[in-house]
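What follows is the residue order along each chain.
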Amino acid sequence: MSAFPTISSIEDPAHEPIRFGFGRGLVRAGAADDRVVALCADLTESTQMHAFKERFPERFIEVGVAEQNLVTVASGMARAGRIPFTSSYAAFSPGRNWEQIKTTACLNDQPVKIVGSHTGLNVGPDGATHQMLEDIALMRVLPNMVVVAPGDSIEAEKATMALASNGSPGYLRLARDPTPIFTTDESPFTLGRAYVIRAGTDLSLLGTGTMTFELLVAAEVLDRTGVHAEVLHVPTVKPLDARTILASAAKTGLVVTAEEAQVAGGFGSAVAELLSAELPTRLVRLGVEDRFGESGRPRELLEKFGLTGEHIAARVQAVVTVGRK
Amino acid sequence: MSAPEEVDRLESIARDLRRSVLAMLAQAGSGHSAGPLGMAEIIAVMYFHTLRHDPARPDDPDRDIFILSHGHTAPILYAAMAHAGYFPTDELMTLRRLGSRLQGHPERTALPGLETTSGPLGCGLSQGAGIAYVSEHLDRSRKRFVYVAMGDGELNEGNIWEAAMFAAKYRLGNLIGLVDRNYIQIDGRTEEVMPLDDLAAKWRAFGWHTIETDGNSVSGLLAALGEARAVSDRPSAIIAHTVPGRGVDFMEYDYRWHGKPPTKDQALSAIDALEADARR
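Values in this document were obtained by computation on a predicted structure and should not be read as measured data.

Novice: Outline the overall build of chain B, supporting the account with residue identities and numerical values.
Specialist: Counting its regular elements, chain B contains 10 helices and 7 strands. Compactness check: chain B gives a C-alpha radius of gyration of 17 Å against a globular reference of 19 Å for 280 residues, within 12% of the reference. Taken along the three principal axes of its C-alpha coordinates, chain B extends 50 × 45 × 40 Å. For chain B, buried positions account for 61% of its 280 residues. Here chain B has roughly 10,600 Å² of accessible surface; of this, 49% comes from carbon and sulfur atoms. Within chain B, the 38 negative side-chain charges are centred at a point lying 3 Å from the centre of the 29 positive side-chain charges.

Structure below.
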């Protein structure tokens, strides 16, 4: 049995929006600890805070379309002993209120949780204004901040519970449209841990958030061509699990990262920083490369940006082939 | 009404705080002069009259909360905290030095007794509202007042008005905003940089009980605070008209003293000016 149970087959996985897991996790966190409060900027159902609002109406605070106030009021509530979860679309929080997050949550060291729903190309038809691609970069440079991009809705529920009790500022990266569920209730989740979810020898595929499932698909495609990829799921981008990543890189000698975000400053950059300092290793970073998104169905956009499992397999195949010549 | 002896006591404390501020700034060689001097009565009244607090127990859960939102006026806050007993007054001379707990702008994690980290403008009223909300709606066992001092230039920030709407919506009667209305900001006169008047009408329109007073008058402040504390169904804004650089004749009303410290010689003559002002 694997140390990290996943679904038995990736052929026909169940789908659910990652944000739904947050909605369930927040209710559980609220039931477990009455210090948990929830603040929303006029997107209560979109961000899945409505279940918490129904269950704990006295602990739900509507702040209106005011993301700067959202985070700073939460900072005050944290000072008064509460554990505030704040939610909006990621394009606006942390997109609009970065300085408030830096000063009043991180420097002020208060356990304010920033929940950014609607990240990545997954937002689809709303287009570039609402497709948050820069959030990983913005959040991971902040001291004290923990940055989590769950791989699916089951993991998002666990991540929400974990952030409720870790005592520090946190960022939780969610997605709107349904994505495949590949973890199980039994899969472990600890903040700061990366997990080998498929063993391999030829290269290491490192995914965060929605991209990990696509890497499982890519590994399957590659396997048929005789390339045996190891797949690491890295839900916590900060702090990065250096030991697990370095062990895999040392074994395979080739690392590929994938994220539904800007490569610049994002997850791939975090891995690049680690490898270049600790274990210089050939590295390919996949994601969005210094451009904005656009309207389209989520799947169409992933295809256009070369981020489906099949596209990733083809891109990796080209690298592996060149590497062997 | 306040007893004349009480007013005298607080005025005397305000002078002591000004003296400390001038010495601190001259020693540090950087920092803001005009704002902290203008705030002396407000801070003296807060820390030596109105606030329920215990310097020996800075985390006392029943304490009132004071937030200095315009953190660049930190020297006057530090002076009051030292004189009140939060830390030794000798430490005031470490302002802005490497390793000092008295950071250039207040940093909560550095110094017990600070409620927030502040300096980037516009955040304090929201944080105060968050604390006031918990006291008013979630943990009614701890009735506390939350006071937030703001600069007038700071009111250019949209975050302030987001907080103003929030506090009115949730009827935060325990939240009291203190606007240091000195009509200066870094680039010049507030009404030239970005006009704020009619400022009282603005706060009233946002649903706040609004009081105007002379912010350099101890008795005026005591009366305004008494009125504000008696209003329980909505937040109160006290627009405290202050003289920037108050007490030092060559600094008063001059926006060029907003962001710079006196030299040591200037500080000595300023302290002399304070003594003369006291005899006036």
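There's more to say after this.
Novice: Could you give an account of the overall build of chain A, naming the residues involved and the relevant values?
Specialist: Assigned secondary structure in chain A consists of 11 helices and 14 strands. In terms of overall dimensions, chain A is globule-like: its C-alpha atoms have a radius of gyration of 19 Å, near the 20 Å expected for 325 residues. Across its three principal axes, chain A shows a C-alpha extent of roughly 65 × 40 × 40 Å. Burial status across chain A gives 64% buried among its 325 residues. Contacts in chain A between residues at least 24 apart in sequence constitute 78% of all its contacts with a sequence separation of at least 6. For chain A, the accessible surface area stands at approximately 11,600 Å², while carbon and sulfur atoms represent 52% of it. Charge separation in chain A, taken as the distance between the mean sites of 31 positive and 38 negative side-chain charges, equals 4 Å.

Novice: An account of empty space enclosed by the protein is requested, with residue identities and associated values reported.
Specialist: On inspection of all chains with the given rule, the structure shows 3 cavities of 30 Å³ or more. For the lining of the largest cavity, a count of residues per class yields 5 nonpolar, 2 polar and 5 charged.

Novice: Pulling in residues and values, what's your account of the interface of chain A and chain B?
Specialist: Counting residues at the interface gives 27 residues for chain A and 26 residues for chain B. Across the chain A/chain B interface, buried area totals approximately 2,200 Å², and carbon plus sulfur atoms make up 55% of it. Among the ionic pairs, R79 of chain A bridges to E115 of chain B, the shortest N-O distance being 3.0 Å. Ranked by residue count, the leading element in the side of chain A that touches chain B is helix 3 (residues 67–79) of chain A, at 9 residues. Considered class by class, the residues forming the side of chain A that touches chain B number 9 nonpolar, 10 polar and 8 charged.

Novice: Please provide a residue-by-residue account of the domain arrangement of chain A, values included.
Specialist: All names here are of chain A. In terms of domain boundaries, chain A breaks down into domain 1 (15–180) and domain 2 (195–324). On a C-alpha basis, the centroid separation for the pair domain 1 and domain 2 is 26 Å. In this assembly, 32 residues from domain 1 lie in contact with 33 residues from domain 2. Both sides together, the interface formed by domain 1 and domain 2 hides about 2,300 Å², and carbon and sulfur atoms give 60% of it. Per-residue buried area on domain 1 facing domain 2 is highest for L121, L133 and R140; these three make up 31% of the total on that side. Close ionic contact of E273 with R140 constitutes a salt bridge, the shortest N to O distance being 2.7 Å. In this structure, the connection of domain 1 to domain 2 is made through 17 residue pairs in polar contact (both at pLDDT 80 or more). Of all elements in the fold, only helix 5 (135–140), strand 6 (146–148) and strand 8 (178–180) reach the threshold of two or more residues within the side of domain 1 that touches domain 2. Each residue belonging to the side of domain 1 that touches domain 2 can be placed in one class, and the counts come to 17 nonpolar, 9 polar and 6 charged.

Novice: Could you give an account of the side chain of R144 of chain B, with specific residues and numbers?
Specialist: Along the polypeptide, R144 of chain B turns up in the loop between helix 5 (124–138) and strand 2 (146–151). Despite its burial, R144 of chain B remains without a salt bridge, the nearest opposite charge being carried by D64 of chain B at 6.1 Å. A distance of 3.1 Å separates the side chain of R144 of chain B from the backbone oxygen of R63 of chain B, its partner in a polar contact. If near-sequence neighbours (up to four positions away) are discounted, R144 of chain B is found in contact with A80 of chain A together with R52, D60, P61, R63, D64, I65, I131, S135 and N174 of chain B.

Novice: Which residues make up the environment of A23 of chain B, and what values go with them?
Specialist: Among the structural elements, A23 of chain B can be located in helix 1 (residues 4–28). It is 7.9 Å that separates the C-alpha atoms of A23 of chain B and K264 of chain B, two residues lying 241 residues apart in sequence.

Novice: Describe the confidence of the model for chain B, with residues and values.
Specialist: Model confidence for chain B is summarised by a mean pLDDT of 95, while 99% of its residues fall at 70 or above. Interface confidence in the predicted complex, given as ipTM, is 0.94; pTM for the same model is 0.96.

About the thresholds
Residues numbered from 1 in each chain as written. Chains lettered and ligands numbered in written order. Predicted model: local features only at pLDDT ≥ 70, side-chain atom pairs only at ≥ 80, totals over all residues. Heavy atoms only, no water. Helix = DSSP H or I, 4+ residues; strand = E, 2+ residues; numbered from the N terminus. Rg over C-alpha atoms; globule rule 2.2 N^0.38 Å. Buried < 20%, exposed > 50% of the residue type's maximum accessible area, 1.4 Å probe, protein only. Areas by Shrake-Rupley, 256 points an atom, 1.4 Å probe, with all protein chains shown as cover. Lys, Arg positive; Asp, Glu negative; His and termini not counted. Charge placed at Lys NZ, Arg CZ, Asp CG, Glu CD. Contact = heavy atoms within 4.5 Å. 1 Å grid on protein atoms, 1.4 Å probe; cavity = no way out; pocket = protein on both sides within 12 Å on 5 of 7 lines; lining within 4 Å. Points joined across faces, edges and corners; volume = space filled by probe spheres on them. Nonpolar A, V, L, I, M, F, W, Y, C, P; charged D, E, K, R; others polar. Buried area = accessible area lost by both parts, 1.4 Å probe. Salt bridge = Lys/Arg side-chain N within 4 Å of Asp/Glu carboxyl O. Domains from an automatic or database assignment. Polar contact = N/O pair within 3.5 Å; in protein donor to acceptor, adjacent residues only side chain to side chain. pLDDT = per-residue confidence, 0-100.

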